[in-house]
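Breakdown of the fold
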Amino acid sequence: LYTEGKKAFSKAVGAKLWVEVIPNFTNAANWLLNSEVSLAVVLSEVFSLKMGYLLKYDAELNPGVSRNLDTALTSALVAKF
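Residues numbered from 1 in each chain as written. Predicted model: local features only at pLDDT ≥ 70, side-chain atom pairs only at ≥ 80, totals over all residues. Heavy atoms only, no water.

1. Observations concerning the pattern of salt bridges
Within the structure shown, the criterion is met by four salt bridges. With a closest N to O distance of 3.9 Å, Glu-4 and Lys-6 form a salt bridge. Overall, the relative accessible area of 36% leaves Glu-4 in the partly exposed class. Of the charged contacts, one joins Arg-67 and Asp-70 as a salt bridge, the two residues approaching to 3.8 Å between their closest N and O atoms. Owing to a relative accessible area of 54%, Arg-67 belongs among the exposed residues under this scheme. Residue Asp-70 is classed as partly exposed on the basis of its relative accessible area of 44%. Counted as one network, the salt bridges with shared partners bring together Glu-4, Lys-6 and Lys-16. (Salt bridge = Lys/Arg side-chain N within 4 Å of Asp/Glu carboxyl O. Buried < 20%, exposed > 50% of the residue type's maximum accessible area, 1.4 Å probe, protein only.)

2. Considerations on the environment of Asn-27
Along the chain, the position of Asn-27 falls in the loop between β2 (13–22) and β3 (32–42). A residue is classified by how much of its surface remains accessible, and Asn-27, at 29% relative accessible area, is partly exposed. Taking the C-alpha atoms as reference, Asn-27 lies 9.8 Å from Glu-60; in sequence the two are 33 residues apart. (Helix = DSSP H or I, 4+ residues; strand = E, 2+ residues; numbered from the N terminus.)

3. With respect to the sheet that holds strand β4 (residues 47–58)
In any sheet, the strands associate via hydrogen bonds between backbone groups, in a parallel or an antiparallel arrangement. The antiparallel open sheet is built from five strands, whose spatial order is β1-β2-β3-β4-β5. On the outer flanks of this sheet lie β1 (2–8) and β5 (69–79), each paired with one strand and no other. Here the strands of the sheet are splayed against their neighbours by 15° on average, with no regard to which way each runs. Relative to β3, β2 runs antiparallel, the two sharing 10 bridges. Looking at the pairing, Glu-20 lines up with Asn-34 of β3. (Pairing = 2+ DSSP bridges. Axes fitted to C-alpha atoms, helices over the stretch in contact; angles between N-to-C directions.)

4. Let's talk about the side chain of Ser-35
With respect to the helices and strands, Ser-35 occurs in strand β3. A polar contact of 3.0 Å, which involves the side chain of Ser-35, links it to the backbone oxygen of Trp-18. Every residue in contact with Ser-35, bar those within four places of it in the chain, is listed here: Leu-17, Trp-18, Val-19, Tyr-53, Leu-54 and Leu-55. (Polar contact = N/O pair within 3.5 Å; in protein donor to acceptor, adjacent residues only side chain to side chain. Contact = heavy atoms within 4.5 Å.)

5. What about the pairing of β2?
Bridge analysis of β1 against β2 gives seven bridges, and the strand direction is antiparallel. When the bridges of β2 are listed, Tyr-2 appears paired with Glu-20. Here β1 hands over to β2 after four residues, the two strands then running antiparallel side by side.

Written out as structure tokens, the structure reads:
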């Protein structure tokens, strides 16, 4: 299951939020949730800068893993041709 929403604040600035749920059909208690909120700023006609906050949740811990939630701050230089 996946959904996303986008919001343009101006021609040069926009935000995006996406959420993804991945079920496990053999073990219903072991499902995954991924989500990211990001902000993109147009730098030129080709390039834009994207910054985001990514969440990855695993409902069932794997051996050797101490927590269910993993987070990351991301940044990318995006080229559109």
